[in-house]
Every structure is written in structure tokens, then in C-alpha cells.
Protein chains: 2
Amino acid sequence: MKTINIFGSTGSIGKNALDVIRRNKKNFEVLGLCAHSNTDTLCAQIKEFSPSYVCVVDEKSAEEVRHLTKKIKLFKGENGLRDFASVDCDTSLMAISGISALRPLMINIEHAKKIALANKESIVTAGNFVLSKAKKFKTKILPVDSEINALYQFFALKNNFSKVYLTASGGALFNYKPKDLKKVRAETVLSHPTWRMGRRITIDSATLVNKGFEVIEAHYFFNLPYENIGIVVHRESTVHAFAEFADKTLFACMYPPDMRMPISFALNYPKRIDALKASNFKGRLSLSFQPLKRGQFPLLDIILKAALRKDNSLVILNGCDEVAVEHFLSGKIKFTDIYKAMNYIFSHYKSAKLKTLDDVFYWDAYAKEKTKEYLRAL
Amino acid sequence: MKTINIFGSTGSIGKNALDVIRRNKKNFEVLGLCAHSNTDTLCAQIKEFSPSYVCVVDEKSAEEVRHLTKKIKLFKGENGLRDFASVDCDTSLMAISGISALRPLMINIEHAKKIALANKESIVTAGNFVLSKAKKFKTKILPVDSEINALYQFFALKNNFSKVYLTASGGALFNYKPKDLKKVRAETVLSHPTWRMGRRITIDSATLVNKGFEVIEAHYFFNLPYENIGIVVHRESTVHAFAEFADKTLFACMYPPDMRMPISFALNYPKRIDALKASNFKGRLSLSFQPLKRGQFPLLDIILKAALRKDNSLVILNGCDEVAVEHFLSGKIKFTDIYKAMNYIFSHYKSAKLKTLDDVFYWDAYAKEKTKEYLRAL
């Protein structure tokens, strides 16, 4: 029985994780649940899982769960989140979205033995800070992202791979012509062909910003040089990653696109629990792979260019993308304006080294402000 | 630099192996070459690789290489083969086809540090004898068969897999209707859709006898219970095997169908040598998988039934298949007569335990005789 704290329990990953736990109740004790403001879902989760700690990041919403928390310690607001992150546990799942996960993650590294990390922005913007602190505190960090999780499964074998390939579904707009992208509506981009995920990551899948972020994750988690991380288009999202040996033999990691699989792997690691999937190969299965067309996804190119600069550029681009995607989702800008904003910011940001974690937050705020200005003027 | 002896150097596997060695000359010294009777090819190989030992199993043919062997020790005939098998070396490749490989293999286990085993009949008929002798002499046996080789790659990782799947191309007659099988000619069955292999194995691929034999290999090499060895139809022969974890995640082992890949793996193990393949994912790749239809391949069913009996039945069926396939290849019987012979022999053989290696040869001779009788009377 392992104690587990869940950051972002009412989001897509959080709910999937609780379903994994529901199917393996003898293995986990839910110690703490943390949500932003979706108190309806949170109340139901509290009733079902009886945690000892609850955190509601939005202070106003916190009052809506107060009636359920007589025997429960209730944290609220940003300060509450930091206290929640200081609760000792065996395992935590960090599924808060965006760069907001970074501060609680850095605190939590001191208090969890193992962290299943579903947040990629923390690695993209502050990979060195996160992973060196985890090393110092001997906290195991397991990536939940299916592609990076698949690579973790390979690298856990302590084998010598010479290259890896991340698969990319290509997102909802893969077959769109450039001229049709202007008119595309948020609902269209949000209907991902294979994965059901949060809103920002679904938009980021269509621009392949998400794939760029995963390349950076792969770089940090497995010390892979960027030239040894390839991307291959795989519309069916059944193979999550490939590892290639020197003789060009490939290992593929496969399962149908269901986030409960990598979540279950990360929470149960090093055990594997048989709880979820039906038998393989009961029906027909077709898988296709194709190279990525150079130039089809300009934001991916920008991210990969930024990754090679050892400066603040990834923080800048992540901040810009977060703001631009929010604007697109709320109907304020066109889909192609995300491209424009990223292009503009990437050619106008001030390059600087990241010396402390505060630098990350400084440049994040800077990028968000600049992006808002740019989008207002559009 | 490792010394290597090749049994069956003029066959399909032998020639592929010499190509692997040709591309990695600094890693191997060809110590010995052994062929049955194809002296034209053997002479060319002697000139190119300058072995110290040569063996020609067909005594008459041996004279045809005599002029090249002034500085070379020449062995001939069955006795010569035994002496050749007693030559000490680092690595040997056993690529003699059929049960004829069994005696030299058993001798060679005492003289080679590592044996790349491309012969499956020796495992099908005498798996326990071969593998327990290898254990006793601490001789590593590496399967060359692509499917079993792929499993070896997985199991070398010391991971816990709960099930494996062997892929089956389905052979040349996969889409034939039963009524059309009677008329099918040897050339048709010999034109395998993906692999270029020896004649018997190509026919055995069409009946799926070959796949049944691989199931038995997987059982012996990895101590897998038969119920944990599945078969999945995969026409493209790009994925060679799957290993499945308890959580149903699959690892696939992939490369284009080229026997030099598993041969190179087996000869170089535990190293991986980059010498052969171009980069992956430069073009489009489509892979399909489908369950095997029950009843479509009656000989597979017979082999798998026989595998569960702990008697001489696999020796019997292997002997019967060898004779029946020879008869089909030389135009003496129809394709469907292979089915008839196997069915007849399987329902009329005398069950007995295999207590010694001589029992294996006894029942092999018995099955061959009975099959010839049956086919004559047809």
C-alpha cells in the first residue's frame, strides 16, 4: 500500500489516475487531492477516496468543499498549494497544467519518494533545475507523457540505444492545407483523432509544439543529444516511441491510446499491474508510419531551434504559446495567429541565461506580457 | 577477432552469414567452412575467406575442392563432419538443414563457446538434449530464426514478460481457398512474399509447420508455457515478435525482412554492429496484424497438439514433414498430400518417450520410412 498525492485531480490526467487507483485499490491509499476550482468533481472524488489532505488552489472555490472536510486538512490558494506540496508521501502525481506546476513540483521533490510527472512545461522551461534537484533528493521522476514514458520503459532496461523516435499523431489538422488554417475553429482543433487530453495540449498537438516539447523532455530525461531524437508521423497513436540500436533494429512500445496505461506504469513502477486492457491481437490492426514533412509544422522547427540555444528561449516560447493558445481557445484570435505570435516573440526576445529558478518565472512573465501586447495590437 | 566455423556455408543462411562477416572483417576470422555438395560456391568461399578447415559432407564432391586445400585440412563424409564439429572455435553457425544438424550440433557444443543456431529441427526434435548439454558445457546458444532471435533480444533484457507473440507472414498461399490448394505447384509455394529462404522452410511457411516449430523453439529457449506463446498474422514480416507485459503493453522488435539482421545479432552478440541497414523511417511504412483463423492451417494445429504430448510425436512429425516436402518439391505428390501424410502419420504413430539421443534418430528413421510407404501407396 503506497500513499499517493494527486496534483490536478479534476483534470484529464487526474481523473484517469484515479480510475487506475480505483482498479488497484489494494495498492494505493489516496492521501491528498489537489484541484484548481472544479469543486463538483473534487467533492465526488473526496467522497470516493477519503483523502486526509485536500487543496483548492482557487481560494473562492475552496469554500465549496469546506462541508466535506471536517476530518480533512484543507489547504487553499497558492500558499496552500505549497503546503500541500510539502506533505510527505510515497508517490505523487504532478498533473497541474502549464508552468504553474513548477513551484509545487520543486517543493514536492523534497517530500515524495517518487513523482509521476505529467507536466511537461516544468521540464521544457526548467529541466536542469528539476532533474538536478530530484537527483540531490534521490526522488525518482517518472514521465507520464506516453512517448517519454515509452522511452523510460526502454531505458529502464539499461540497454544501449543509439537513437530514439517519438511518434506524432499529427493532431487534428494534419491534412489541412495552409490556406485553410486561418478559418479553423477551436472545436475542430480540439477534436483530436486519437487522444482525449486537456485543451492546451490538444491545440499544441495540432501545431506540433507538443512534439517539440517532448523532444526536449527526451533530451533531459535520457541525456540524449538532440540529433539522436527523431520524430515519425503515426496517425494511429498505437506505437508511442521507438528505440533504435546501432544495427538499426527497432524496439517499439505499443498499446492503444489510453492515458491510463502510462499512468499505471508510472504509479506502479517497477511493478506492472494487470488491470486495464483486454488481450492483444483479437482483431485486425493497421499501423502506418511516415516521415515528417519539413516545413509543415513551423512551430516545431522554432521549438527545436530554441532547444539548441542554451538560454531562456524555451521559457519565452512556452509562455508565448500558453497565452496564444488561451486567446485562441477563447475565440480572441485565429489559429494562425498562434504561429504569428510565436514567430514574432522568437525573433524579438532578449536572450539571457537561466541562473536561478526565479529567472524562469521572470522570463515566463516577460514572455506572457509581450505576447499579450502583440496579440492586442494584431 | 573471433574465430568462426560455418556449418552449411553454401546455403541461404550460410551465404548471408558470410556477407555479414565480409562487412565486418576485422571482427571475424573464418576458421572453417562446411558444405554438403555445392562445391562451386564452396570453392569461391574458400578463395575469399581462406579458412584453415574445410568439410564436404558428400564424399564424391569432396574431390572437387581438393586442389584448393593444400594448406587446408579437408574433412569429408559423415565422419569428416563429426571431426569438423570437433574443431575448437569462438563461434559457430549451425546452418545445416533438417535433423542432419543434430549430431554435429551435439558434438560442436563441446567445442564452440557460442553457437548461432539457424537449425530449428534440432530444437523441435531434441530441445531438451541440446539445451541441457549446452548448459553443461556453458556454451551459449543464440537462435538465428528471426522470430526467436527477436524474443532473445527481449529476454536478454532480463525483464518479466507474461506472454509473447510470434508473427507469421502466412506464406505464399495465405489467400488461397482450400479447393485451390490441390493444384498448386512447387514454384508458387516457393515464391515467399517477404523472405528469401531455403526450400523446405519456404514450403513449411506456407503450411505454417514452420510457425509451429517456432512455437516449440520459443518454449525451449525461454521456458515459456505453450499457452503464453501466441501467433499473429503479419504479412509484411517487419515486426518479428512481440513481448507482452502483465499490463498488456507490447514491445515489438522490428527490421525489414533480411536474415543478415538476426545473423549479425547472433554472431556479434552482445555487441551490435552498425554495418547493414539504412536509416529507419525515410519513407512510408504500413504494417498490418490480424488474428490467425482457427482451422485455416491444420498442420499448425497438429504440431501444437504434438508439442503438448511429452513423447516422440514431434520427431515423428518432423520426419514426416521432411519426407513429404521433399516429395512435393520433386513433383511426386500434390501440395495437399503433405497434409494427408501428416494427418495419417499423426494418427498412426507409436507413442514412446525419448530417453536418449539415439531414440530421436530411431523415431526419425521410423517416421520417414512410414511416410514413404504411405506416399507410395497414395
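To be clear, the structure that these remarks concern was listed above.
Residues numbered from 1 in each chain as written. Chains lettered and ligands numbered in written order. Predicted model: local features only at pLDDT ≥ 70, side-chain atom pairs only at ≥ 80, totals over all residues.

## Concerning the interface of chain A and chain B
Quoted interface sizes are often the accessible area lost when the parts come together.
Item 1. On the side of chain B, 36 residues touch chain A, which itself brings 36 residues to the contact.
Item 2. Class assignment for the residues of the side of chain A that touches chain B results in 20 nonpolar, 8 polar and 8 charged.
Item 3. As judged from the 5 bridges shared by strand E12 (residues 285-291) of chain A and strand E12 (residues 285-291) of chain B, these two strands associate in the antiparallel manner. Bridge assignment links Ser286 of chain A to a residue of E12 of chain B, and that residue is Ser288 of chain B. (Contact = placed C-beta atoms within 7 Å. Nonpolar A, V, L, I, M, F, W, Y, C, P; charged D, E, K, R; others polar. Pairing = 2+ DSSP bridges. Helix = DSSP H or I, 4+ residues; strand = E, 2+ residues; numbered from the N terminus.)

## Points about the sheet that holds strand E10 (residues 239-244) of chain B
Item 1. With mixed pairing, the 10 strands of this closed barrel are ordered in space as E8(A)-E9(A)-E12(A)-E12(B)-E9(B)-E8(B)-E10(B)-E11(B)-E11(A)-E10(A). Between one strand axis and the next, the sheet turns through 30° on average, direction left out of account.
Item 2. Here strand E11 (residues 250-254) of chain A pairs with strand E11 (residues 250-254) of chain B via 5 bridges, running antiparallel. Bridging from a neighbouring strand, Ala252 of chain A pairs with Ala252 of chain B of E11 of chain B.
Item 3. On the sheet, helix H10 (residues 209-222) of chain A packs against strand E8 (163-168) and strand E9 (229-233) of chain A and is oriented at approximately 155° with respect to E8 of chain A. (Axes fitted to C-alpha atoms, helices over the stretch in contact; angles between N-to-C directions.)

## Section: the pairing of strand E3 (residues 53-56) of chain A
Residues and elements named next belong to chain A.
Item 1. Direction of pairing for strand E2 (residues 28-35) relative to E3: parallel, over a ladder of 4 bridges. Each bridged residue has a counterpart across the sheet, and for Leu33 the counterpart in E3 is Val54.
Item 2. Tracing the backbone out of E2, into helix H2 (residues 39-49) and back to the parallel element E3 gives a crossover that is right-handed.
Item 3. Judged from the 4 bridges that link them, E3 and strand E4 (residues 73-76) form a sheet pairing that is parallel. Note on E4: the bridge partner recorded for Cys55 is Phe75. (Right-handed = clockwise from strand over helix to strand, strands pointing away.)

## With respect to the sheet that holds strand E7 (residues 140-143) of chain B
Remark on secondary structure: sheet strands pair via backbone hydrogen bonds, oriented parallel or antiparallel.
All names here are of chain B.
Item 1. Taken in spatial order, the 7 strands of this open sheet run E4-E3-E2-E1-E5-E6-E7, and their pairing is parallel. Only two strands of the sheet have a single neighbouring strand rather than two, namely strand E4 (73-76) and E7. When strand polarity is set aside, the average angle formed by the axes of neighbouring strands in this sheet is 20°.

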